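Single-letter residue listing:
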Amino acid sequence: MTLTQLEYVVALNSHRNFARAAAHCFVTQPTLSMQIRKLEDELGIVLFDRNKKPVSPTDIGAQVVKEAHNTLASLRKIREVVHQHTDEVAGRLRMGMIPTLSPYLLPHLLPQLAKKYPKIDFEIEELVSEQLVEKLHQEQLDIGVWVANRREPDLVHTPLFYEKFLIYLPEGHPYPQSPIALQQLDMNHIWLLKEGHCFRDQVEKICGNVAQSHQQINFLSGSLETLKKMVDQHYGFTLLPELAVRELSAKQRENIRDFKNIQPLREISLTYHKRFPREKLIRIIKQEIQVSIPPELLNEERGKVIPWK
């Protein structure tokens, strides 16, 4: 039994497909398949039911996968403890980030991280909140950057910054250059992300009567950029997070409005498993994120944080 075989087993369990698992491990599919078969022969059991689509672990295979995952996690921790002891900022960092944040934060953050810390290999995955939390619990991610909505067993949350919710209107709208009251907005014409995005849940809490609205077109999107383009075509409105405004043209920014009487915020947090030992790396990532954003986003007092779920 080798660590490489255990890595292949964990990869196949995650991807449930031999080709995708092999690509993840940077080996050919026959190599991965052969090594898993050798491990099965050595143990005298079948780890995966290959007749199922997608491939699934057998009952005993699921237990072996769990132990393999724990073994590999322990190996990573040994390496991380050594890095911590030597004060070396190096190794692999697996980061998850929600899709309503990553397009607007990562292009500003990653170049400076890569330049300052060339010995870190960054592995970044865009995930909706529930997927991100699940991977943090399973220690398949080292850190997550998201809207932490609740206490999670074994996870540590560190607030990073506070982002406004802003109204994005189509060109030619009738609203003057001033904040808009919720009552002025026609909720029959709001564009929302599909279920599963924390941003959608927060928008529904802000707007209140979205569930009762009647929309001629019920468009379910997973992308704020798509919703923004719908508004640009002179139909409806949507809400955008504050960092997204950095990506707008000067002309588009003329169609951004604040809320009247309330300034809703979302709290962006950095989350990691309590067993993740690299405190220095956590401090570095927090610092680099905070210097990559406008300083006013660090101020919690400029609005009200909106929870979700």
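The rules behind each value
- Residues numbered from 1 in each chain as written.
- Predicted model: local features only at pLDDT ≥ 70, side-chain atom pairs only at ≥ 80, totals over all residues.
- Heavy atoms only, no water.
- Helix = DSSP H or I, 4+ residues; strand = E, 2+ residues; numbered from the N terminus.
- Buried < 20%, exposed > 50% of the residue type's maximum accessible area, 1.4 Å probe, protein only.
- Contact = heavy atoms within 4.5 Å.
- Pairing = 2+ DSSP bridges.
- 1 Å grid on protein atoms, 1.4 Å probe; cavity = no way out; pocket = protein on both sides within 12 Å on 5 of 7 lines; lining within 4 Å.
- Points joined across faces, edges and corners; volume = space filled by probe spheres on them.
- Nonpolar A, V, L, I, M, F, W, Y, C, P; charged D, E, K, R; others polar.
- Axes fitted to C-alpha atoms, helices over the stretch in contact; angles between N-to-C directions.
- Parallel < 35°, antiparallel > 145°, perpendicular 65-115°, else oblique.
- Left-handed = near helix turned anticlockwise from the far one by under 90°.
- Expected span 1.5 Å × (residues − 1).
- pLDDT = per-residue confidence, 0-100.
- Salt bridge = Lys/Arg side-chain N within 4 Å of Asp/Glu carboxyl O.

A. Quick look at the overall build of the chain. Of the regular secondary structure elements, the chain holds 10 helices and 10 strands. With the principal axes as the frame, the chain shows a C-alpha extent of 75 × 50 × 35 Å. Within the span of the chain, comprising 309 residues, buried residues form 47% of the whole. Counted over contacts in the chain with a minimum sequence separation of 6, partners at least 24 positions apart contribute 76%.

B. Spatial organisation of the pairing of strand E5 (residues 143-146). Residues Ile143 and Val145 line one face of E5 and the alternating positions Gly144 and Trp146 line the opposite face, and both faces are buried. Bridging between strand E3 (residues 91-97) and E5 involves three bridges; their strand directions are parallel. In the strand pairing of E5, Gly96 is matched with Gly144. Relative to strand E9 (residues 264-273), E5 is paired through four bridges, and the arrangement is antiparallel. Among the inter-strand pairings, Trp146 is bridged to a residue of E9, identified as Ser269.

C. Broad picture of the layout of surface pockets. Its volume calculated, the largest pocket comes out at about 1,100 Å³. Around the largest pocket, the lining is made up of 35 residues, and of these His24, Arg76, Arg92, Arg94 and Glu123 lie nearest the centre. Those elements that place two or more of their residues in the lining of the largest pocket are helix H1 (3-15), helix H2 (18-25), helix H4 (59-86), E3, strand E4 (120-126) and helix H6 (129-137). Element by element, the count of residues in the lining of the largest pocket is highest for H4, at eight residues. Classifying every residue of the lining of the largest pocket by side-chain character gives 11 nonpolar, 10 polar and 14 charged. Reported here for the second largest pocket is a volume of approximately 160 Å³. Residue classes in the lining of the second largest pocket are distributed as seven nonpolar, three polar and one charged.

D. Geometry of the packing of helix H5 (residues 102-116) against helix H10 (residues 279-291). Remark: H5 packs on H10, axes separated minimally by 9 Å, with the N-to-C direction vectors making an angle of 130°. On the basis of their axis angle, the class for H5 and H10 is oblique. You can see that H5 and H10 cross each other, and the crossing is right-handed. Residues Leu105, Leu109, Gln112, Leu113 and Lys116 of H5 form the contact with H10, whose own contacting residues are Ile285, Glu288, Ile289 and Val291. Residues belonging to the contact of H5 with H10 are distributed by class as follows: six nonpolar, one polar and two charged.

E. Up close: H10. Taking 1.5 Å per residue, 13 residues should reach 18 Å; H10 reaches 19 Å between its end C-alpha atoms and fits that length. Residues of H10 that are buried in the fold lie against E3, H5, E4, E5, strand E6 (155-168) and E9.

F. Representation of the pairing of E9 in the model. Burial within E9 is extensive, with nine of its 10 residues counted as buried. Pairing of E9 with strand E10 (residues 304-305), which is carried by two bridges, proceeds in the parallel orientation. Bridged to Leu265 within E10 is Val305.

G. Highlighting the packing of H2 against helix H3 (residues 29-43). The N-to-C vectors of H2 and H3 enclose an angle of 100°; their axes lie 8 Å apart at closest approach. With respect to H3, the element H2 is oriented roughly perpendicular. Side by side, H2 and H3 meet where Phe18, Ala19, Ala21, Ala22 and Cys25 of the first sit next to Gln29, Leu32, Ser33 and Ile36 of the second.

H. Structural view of the confidence of the model for the chain. When the pLDDT values of the chain are averaged, the result is 88; 94% of them are 70 or greater. Taken element by element, the predicted model of the chain shows its lowest mean pLDDT in H4 (80) and its highest in E5 (96).

I. Seen up close, the pattern of salt bridges. Applying the stated rule across the entire model yields 16 salt bridges. Put simply, Arg266 and Glu163 hold a salt bridge, and the shortest N to O gap is 2.9 Å. Residue Arg266 is found in strand E9, and its partner Glu163 is found in strand E6; the two are separated by 103 residues along the sequence. According to the relative accessible area criterion, Glu163 is buried, its value standing at 0%. In this structure, Asp201 engages Lys205 in a salt bridge whose closest nitrogen and oxygen atoms are separated by 2.9 Å. In this pair, Asp201 and Lys205 both sit in helix H7 (residues 198-207), four residues apart, roughly one turn of the helix. Judged by its relative accessible area of 42%, Lys205 is partly exposed. Ionic contacts of the salt-bridge type, sharing partners, join the residues Arg37, Glu40 and Arg50 into one network.

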